[in-house]
Each structure stands twice: as structure tokens, then as C-alpha cells.
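# Geometric and topological summary
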Amino acid sequence: MTVSRIEARFARLKAEGRAAFVPYIMAGDPDAATALKILKGLPAAGADLIEVGFPFSDPMAEGPPIQRAALRALAAGTTLDTVLDTIRQFREGDQETPIILMGYLNIVLNRGFKAFATDAAAAGVDGLIVVDCPPEEAGPMADALDAAGVALIRLATPTTDDARLKVVTARTSGFVYYVSVAGVTGVKEADAAAVAPAVARVRAASGLPVAVGFGIRTPERAAAVARVADAVVVGSALVDEIADAIAQNRDAGAKVLETAGALAKSVRSARVSRD
Amino acid sequence: MNTIAKPNDFSAYPDAHGRFGDYGGLYVPEILMPLVKELGEAYAAAKADEGFQAELGGFLKHYVGRPSPLYFAERLTAHFGGAKIYLKREELNHTGAHKINNCMGQILLAMRMGKTRIIAETGAGQHGVATATVCARFGLPCVVYMGAVDVERQAPNVLRMNLLGAEVRPVTSGAATLKDAMNEAMRDWATNVHDTYYLIGTAAGPHPYPAMVRDFQAVIGIEAKAQMLEAEGRLPDAVVACVGGGSNAIGIFHPFLDDESVKLFGVEAAGHGMDTDQHAAAINGGRPGVLHGNKTYLLQDRDGQILEAHSISAGLDYPGIGPEHSWLHDVGRATYLTCTDDEALEALQLCTRLEGIIPALESSHALARLDEVTRAVGKDGLVVLNLSGRGDKDLATVAAHLGRKI
Ligand SMILES: Cc1ncc(COP(=O)(O)O)c(C=O)c1O
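Residues numbered from 1 in each chain as written. Chains lettered and ligands numbered in written order. Predicted model: local features only at pLDDT ≥ 70, side-chain atom pairs only at ≥ 80, totals over all residues. Heavy atoms only, no water.

### Details of the overall build of chain B
Helix and strand counts for chain B come out as 17 helices and 14 strands. The C-alpha radius of gyration computed for chain B amounts to 19 Å, which stays within 12% of the reference 22 Å derived for 406 residues, consistent with globular compactness. A principal-axis box enclosing the C-alpha atoms of chain B has dimensions of 55 × 50 × 50 Å. Across the 406 residues in chain B, those meeting the buried criterion constitute 64%. For chain B, the accessible surface area stands at approximately 14200 Å², while carbon and sulfur atoms represent 52% of it. Computing the positive centroid from 36 side-chain charges and the negative centroid from 48, chain B places the two 3 Å apart. (Helix = DSSP H or I, 4+ residues; strand = E, 2+ residues; numbered from the N terminus. Rg over C-alpha atoms; globule rule 2.2 N^0.38 Å. Buried < 20%, exposed > 50% of the residue type's maximum accessible area, 1.4 Å probe, protein only. Areas by Shrake-Rupley, 256 points an atom, 1.4 Å probe, with all protein chains shown as cover. Lys, Arg positive; Asp, Glu negative; His and termini not counted. Charge placed at Lys NZ, Arg CZ, Asp CG, Glu CD.)

In C-alpha cells form, the structure reads like this:
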């Protein structure tokens, strides 16, 4: 089962006593070939899991960096099929690194829940995050993902109180993604001190590992969050490297992998062991 | 699957989940869920509170200028040579359109909820002006998101909003038009969760907005029904309104939903024509999907990416439509027609010359279908057309199309 790829990875991380480094990149950004090259290079750069965004024209929870990444990907002709193709090609060389797709509901709905779940599983996808589909609306999608063995990963946020946390973590598997700032991606900075109790609360409610993202840009911040969370997600900072590389006419792939490597190193050295 | 409503049960929606059949619902990022739910509860309490309704009624009467007249358009009637045509004069409201009915309701609710900062999206600037107006009246800070392209196209309304004390933030993301302004307003809301109220301008968005905006606009239909009974002693045979997001249309339709003898016609913007990709007709040219918090008909490509809409009238230039209209279409209770840019321009001039009323380009879309609508109800029929706004704001657009400099 594909879900077990996520479980196996977190079990190994637990044994190693460290948090996961989870880079986020947008499929097809700046083009399919470069994105595939980045994806293939990420495990060696220290990625433990990888989040792959599929672009949507109207990403309402995204700040400017990921908005622009989506537009670049769409301009390069990215479709759901090309996204799944990229993952399929990645899987040919890597059977272990979990891949989590992240995007917006209309693209999933457009394919149909069953077809999406089956196609994603066949391509080697392990989990799915749908930013604009709260648990209240997720029933049929969750059924389809369950049947295909793809984990539905849920978001918890600073506005999620204890009562709501129960709703959010019902029918979820793999891990829970804690959005560490009130706002969109890539704008505010996460406050590690405030993150610690929130992570503990989400972990207790879900019994699952907790990944933290949405406000982590620097190796220092990544290390601070790695001390309290089970996984550290960095997206906008990596995606910005692509924008910079394009602006400077340099190799986008190399820049992203270099930055990912630095972030991974600091996540790995943040915490030698947690009992 | 859509629930097919029992006869005379059309006005009972949405259900407890905010759904009209399969449409509507509540599709927002988790950060916004508690806020949207809080809003739903606060609105339900306000709706049931006579004090709130009385306060709103007072402002609608003395500030907005309600009730608006239901006017027998004798010369338009003679021109089409059939059914009697009545105009519901929403263009006579303060700020010149129906938009203020909703803004007044929502600002009173926002204050009741203790919110201290108002945000809104606007396309043409009509909803932005109406929001800035009520914010000025009640002394609340106001930020209006407007596509950078629209900021250029609608400079007079930008100045109006600024004079009213609102900050207009040009949105450069995406295609820099209304849908992007709405995305940006959602992002602001997600960032300022504690003090901010998002005042949506049409009957769309996550539950409770479609139902709430409809309720605030239903004053149009409630008045029109009573006025028609007074004028003619019976209900109209048809009601017609233009449809952007759908608030003026659902506002006048809703009190008639269970009166099945009353035919309901919405008119979508066909832009350069339904055989082109330059239109804004979500029902006639789109298919169901999820955007901006609700499931509804949307203009989208094969892969589910949302397409840019086009209409000569900025107020109809949106790729979606309120979810209740999607449902009314599917169950067959309302009929959705289309009207091109050119037809709307012609109808604007016709109404102006025959009745001495310059209608908004949006409302002109409804006027352009009077021929079909009057024929559909026959010679002895009665038609009510919702004249949702006045055309002063559109003079520059009209001048450009007539080859005139102003
Ligand atoms: C005069 C007028 N009519 C109609 C509309 C379309 O909106 P709705 O469909 O919500 O009534 C607008 C929007 O700006 C408007 O200004």
C-alpha cells in the first residue's frame, strides 16, 4: 500500500530521532523538465518527503511566490496529466520518498474523485492535500482516496480550536499539516515558540506526526521548528529561488537544490534525539 | 445529483450545509473555517432579531431611499407591443444601484459582531463605492481590492472610494481583474482573522454569503410583489434581471420562487458572443466546479483552470455565478438567457430615449431580452424588469463605442 510509504518514512525518522525536511515545489515550474530534475535531485539534497504542488489559476491561500510559481507552471503548459507524468518518472528511480500532492479542489473535482485517486495512486502519489476542501465537504473525496490507498492529509491552523481539531483530524492519515501562521504562504514568519504548544496539541488529538509549514524561510527558522515538530515544510523560499534564477538567467534547478541542501542540513542537525 | 424540489418548496434553500441541491457549500481554507462558521451563526441570530431588522429597515428607508418605485414603462411597453412592462427602479437608490441594500445589511452585522475593519472586492467599483459609502457612514476603516486593470478602467469610481475614505488596493496577481480581487480579499481575511469583516458584493462565496446577500437583496422582490399587487391586483407573469454574481436577480426572484405562475428570467453577459471565448455566461457557457468558497457553474478549461470572463459591463465580468442560480437552472425554475455587448449598448440607448432613464450597462442586458420575455407571457402579460443601476458610471464606455470623445 502506498500509505505505508509515509508511515515507513516517519518510523525511520523517529528511530533516527530527527524531524523530516519536506521541500515544496510546484510541478511544471518553470517547465516540466526542470521541475523533474529538481524533484529527482531533492532526496539526495536531504528531502525526506516531498510536497508537489499542482497549479491552479486561483490559489486563494497562496502568497505571491507560489502564486507566481503557479502562473509560470500554467504558462509552461502544465496540466494534471503532466503533473502525474512527472511523478511517474520520479518514481521510476525512487520507491521510498513519499510524494504528497498539494493543490485546489477544482482540479481534483474536474478529473472526478475516483479517477483522480486512481490516477494519482498509479503515478506513485502517497498523499493529497486539498487546500480549499474542509472536512465537512470532503466525504466523497475521502472515500475515493481511501479506496486507492492515498492518504488525505489535513491542515490545522492557529484558528483551529480543540473542538474543531477533532473534526479536522477525523479520517486523516499519514500526518497532519500545521499551518503555523494566520495568513497565506510565504508572507509572515512562523514563531517557533508559539508553534511548540500547537504541535503538541495537534499530535495529541490526531496521534499522527505533525508537519509545520507556511512561514519557514531560513535554515535558522527551519532548525528551530525542527526541534518541536515532526516535519518542517519549506515552500516559498525554494520557489523564490526559481524566480531569482530565471531573472538572473541562471540554472534554476541547481539553485533550488543548493538551498534545499542547506535547509535539510539544518533540519538534520537541529535535534539529535528526542526521547 | 441534484435534489429536485417539491413544488412550492423552492424558497426553502439552502439546507443546513449551505447547499442549494448540489451547489453552494463551504469550500474555504481551514484558517477561515471558524470565521465563516461564526459569521453563519451571527447572521442567523441577526436575521431572527426584530431589533436588527428594524434598524436595517430604518436605514434602508431614510439613507438608501427605499422603497424604490415600481414604474410602468409605458413607452417601452408600446415599443415591444405586448405585455405591460414595469421597471423596478433600483437605480434610484443612494449610490445608484442595488448594491447598497446588501452593504447596509452586512455593515450592521459586522458592527454587531464587533468587527472593526471592513474589506471588499470590486470589479467596476460599484460594490466598492457602496461599501466605502456605508463605511464612511459608520466610521469604519475600509480596504477595497480591485484588479489593477479595473483600477485603470474605472478611475472615477476609484476617486469616489478615496473621497469616501477607503483605501483602494490594486491587485496585480493573476489577470488583475475581479476574480483576482476576490482571491486577494480572501487572502487578507485569512491574514487578519481577528478584526476583519469581508463584505462580499454578490450572492456567491462560502455559506452563509449566498443566502445572506440574497436575503438582504430580497427587499427588491418583496416590494415589487406588493407594488404589483397594488398596481394590477395580481402577480406578474415574468420577472427579468441581469446576472453577474447574481445578487440583484436572486433578490427580485426569491419572493416569487414559490409562485410558479411567475416565469423567472436571468440574463447572462454574452460579451462578443457565445460562439467566442469572450463572454461571462457561467451557466450558458460553463460547467460546475468550485471557486471562491462555493460549488457552482464556472467558466473553466478542460483541466479545471478558471478562465477570464469578458463583458462590456464590468459588473457582469465574472467567471462564476451565485450557487442558487445554478440550482434554479438545473431544476428548471428559472431560465437563463444571454445578451451580447452590442445588444446591451443598443438596449441602453433604447431605454434612455423612450423612458428618459439611462440604465447601467449591466441592467441593459436584461432590457435587451424584453422582446423575448414579453412574447413569452403574451399580450395581456405583466413583466417586471429589475433596473439594477443607473448608467452614469458607464458614460465613458458608451462614448468609446459610439466613437465620441468626452
Ligand atoms: C448596476 C449593476 N447591476 C448588476 C450588477 C451585477 O451584480 P449582481 O449579479 O450581483 O446583481 C452590478 C455589479 O456591479 C451592477 O453594478
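### Some details on the pairing of strand E4 (residues 84-89) of chain B
Residue and element names in this part refer to chain B. Within E4, five of the six residues are buried, which leaves it mostly tucked inside the rest of the structure. Here strand E3 (residues 70-72) runs beside E4; their pairing, made up of three bridges, is antiparallel. If you follow Tyr71 over to E4, its bridge partner there is Leu87. (Pairing = 2+ DSSP bridges.)

### Things to note about the packing of aromatic side chains
All names here are of chain A. If you walk through the whole model with that rule in mind, you get 13 aromatic pairs over all chains. Judged by centre distance (6.1 Å) and plane angle (90 degrees), the rings of Tyr177 and Phe214 are edge-to-face. One end of the pair, Tyr177, is in strand E7 (residues 176-179); the other, Phe214, is in the loop between strand E8 (210-213) and helix H10 (219-226), and 37 residues separate them in sequence. Taking the relative accessible area as the measure of exposure, Tyr177 reaches 3% and is therefore buried. Residue Phe214 is classed as buried on the basis of its relative accessible area of 8%. (Phe/Tyr/Trp six-rings, centres within 6.5 Å; stacked < 30°, edge-to-face > 60°.)

### Observations regarding the interface of chain A and chain B
Across the boundary between the two partners, chain A contributes 36 residues, which contact 37 residues of chain B. Approximately 2900 Å² of surface area, both sides summed, lies buried where chain A meets chain B, with 53% of it carried by carbon and sulfur atoms. Between Glu30(B) and Arg164(A) there is a salt bridge whose closest N-O contact spans 2.5 Å. Elements represented by at least two residues in the side of chain A that touches chain B include exactly helix H3 (64-75), helix H5 (105-111) and helix H8 (162-169) of chain A. Per-element accounting of the side of chain A that touches chain B gives the leading share, five residues, to H5(A). (Contact = heavy atoms within 4.5 Å. Buried area = accessible area lost by both parts, 1.4 Å probe. Salt bridge = Lys/Arg side-chain N within 4 Å of Asp/Glu carboxyl O.)

### Topic: the site of the ligand
Taken together, 17 residues form the shell around the ligand, and within it Thr202(B), Gly244(B), Gly246(B), Ser247(B) and Ser388(B) come nearest. Thr202(B) is positioned with one of its side-chain polar atoms (N or O) 2.6 Å from an oxygen atom of the ligand. (Near = heavy atom within 4 Å. Polar contact = N/O pair within 3.5 Å; in protein donor to acceptor, adjacent residues only side chain to side chain.)

### Let's talk about the sheet that holds strand E10 (residues 263-271) of chain B
Residues and elements named next belong to chain B. One open sheet accounts for six strands, arranged E3-E4-E14-E9-E10-E13; its pairing is mixed. Whereas interior strands pair on both sides, the edge strands pair on one side only; in this sheet they are E3 and strand E13 (334-340). Strand-to-strand twist of the sheet, defined as the mean angle between neighbouring strand axes without regard to direction, takes the value 25 degrees. Packing of helix H10 (residues 219-232) onto the sheet brings it into contact with E3, E4 and strand E14 (382-387), and relative to E4 it is tilted by some 140 degrees. Contacting E4, strand E9 (238-242), E10, E13 and E14, helix H16 (residues 370-377) runs over the sheet at an angle of about 150 degrees to E14. (Axes fitted to C-alpha atoms, helices over the stretch in contact; angles between N-to-C directions.)

### Topic: unusual backbone geometry
In this structure, Pro67(B) follows Arg66(B) across a cis peptide bond, with omega equal to -5 degrees. Topologically, Pro67(B) is positioned in the loop between helix H2 (50-64) and E3. At Phe214(A), a position not held by glycine, the phi torsion is positive, near 95 degrees. Phi is positive for Thr95(B), which is not a glycine, with a value near 75 degrees.

### Points about the sheet that holds strand E7 (residues 167-171) of chain B
Residues and elements named next belong to chain B. Spatial strand order, E7-E6-E5-E8: four strands in an open sheet with parallel pairing. Edge strands, defined here as strands with exactly one partner in the open sheet, are E7 and strand E8 (196-198). On average, each strand axis in the sheet is tilted by 25 degrees relative to the strand beside it, whichever way the strands run. Inspection of the sheet shows strand E5 (residues 117-122) paired to strand E6 (residues 142-147) by five bridges, in the parallel sense. Bridging from a neighbouring strand, Glu121 pairs with Tyr145 of E6. Packing of helix H4 (residues 99-112) onto the sheet brings it into contact with E5 and E8, and relative to E8 it is tilted by some 155 degrees. Docked against the sheet, helix H5 (residues 126-138) engages E5 and E6, running at close to 165 degrees with respect to E5.

### So, the packing of helix H1 (residues 33-48) of chain B against helix H9 (residues 209-217) of chain B
Residues and elements named next belong to chain B. At their nearest, the axes of H1 and H9 sit 11 Å apart, and the two run at 25 degrees to each other. Our classification of the angle between H1 and H9 gives roughly parallel. In this structure, H1 crosses over H9, and the sense of that crossing is left-handed. Note on element contacts: H9 touches H1 through Tyr209, Met212, Asp215 and Phe216, opposite Leu39, Tyr43 and Lys47. Partitioning the contact of H1 with H9 into residue classes produces five nonpolar, no polar and two charged. (Parallel < 35°, antiparallel > 145°, perpendicular 65-115°, else oblique. Left-handed = near helix turned anticlockwise from the far one by under 90°. Nonpolar A, V, L, I, M, F, W, Y, C, P; charged D, E, K, R; others polar.)

### Some remarks on the environment of Ile129(A)
Looking at where Ile129(A) falls in the secondary structure, it is placed in strand E4 (residues 127-130). Sequence separation between Ile129(A) and Leu101(A) is 28 residues; the distance between their C-alpha atoms is 6.2 Å.

### As for the pattern of salt bridges
According to the stated counting rule, one finds 49 salt bridges over all chains in the structure shown. Among the ionic pairs, Glu223(B) bridges to Lys88(B), the shortest N-O distance being 2.7 Å. Taken as a pair, Glu223(B) in helix H10 and Lys88(B) in strand E4 lie far apart in primary sequence, 135 residues in all. In terms of burial, Glu223(B) and Lys88(B) fall into one category: buried. A salt bridge links Glu308(B) to Lys179(B); the nearest nitrogen and oxygen atoms lie 3.7 Å apart. Pair noted here: Glu308(B) is in the loop between strand E12 (293-298) and helix H13 (323-330) and Lys179(B) is in helix H8 (residues 178-191), with a separation of 129 residues, a long-range link. Classification of Glu308(B) as partly exposed rests on a relative accessible area of 33%. Exposure remark for Lys179(B): the relative accessible area of 4% places this residue in the buried category. Among the charged side chains, a salt-bridge network with shared partners connects Arg12(A), Glu16(A), Arg18(A), Asp48(A) and Arg268(A).

### Focus on H8(A)
Think of an α-helix as turning once every 3.6 residues; residues three or four places apart then point the same way. For H8(A), the complete set of buried residues consists of Arg164(A), Leu165(A), Val168(A) and Thr169(A). An end-on view of H8(A) places all buried positions within 130 degrees of arc, on one side of the element. Turned more than 90 degrees from where H8(A) packs its buried face, Ala163(A) and Lys166(A) sit exposed. Where H8(A) is buried, its residues contact strand E6 (154-156), E7 and helix H9 (192-206) of chain A together with H1 of chain B. Immediately downstream of H8(A), the backbone of Arg171(A) shows phi near 55 degrees, a positive value. (Arc of directions from axis to C-beta.)

### Focus on a nonpolar patch on the surface
Residues and elements named next belong to chain B. Together, Ile358, Leu395 and Ile406 line one region of the surface with nonpolar side chains, adding up to about 310 Å² of accessible area. Here Ile358 is to be found in the loop between helix H14 (341-355) and helix H15 (361-367). Taking relative accessible area as the criterion, Ile358 reaches 35% and is therefore assigned partly exposed. (Patch = residues over 30% accessible without salt bridge, like charges linked within 9 Å, V, L, I, M, F, W, Y side chains within 5 Å.)

### Thoughts on the nonpolar core
Ranked by size, the top nonpolar core spans 203 residues in total, and within it Leu101(A), Met141(A), Leu109(B), Tyr197(B) and Phe253(B) carry the most contacts. Excluding residues that lie within four positions of it along the chain, Tyr197(B) makes contacts with Leu39(B), Gln106(B), Leu109(B), Ala110(B), Met113(B), Lys115(B), Arg117(B), Ile118(B), Ile119(B), Tyr209(B) and Met212(B). (Core = buried A, V, L, I, M, F, W, Y, C linked by side-chain atoms within 4.5 Å.)

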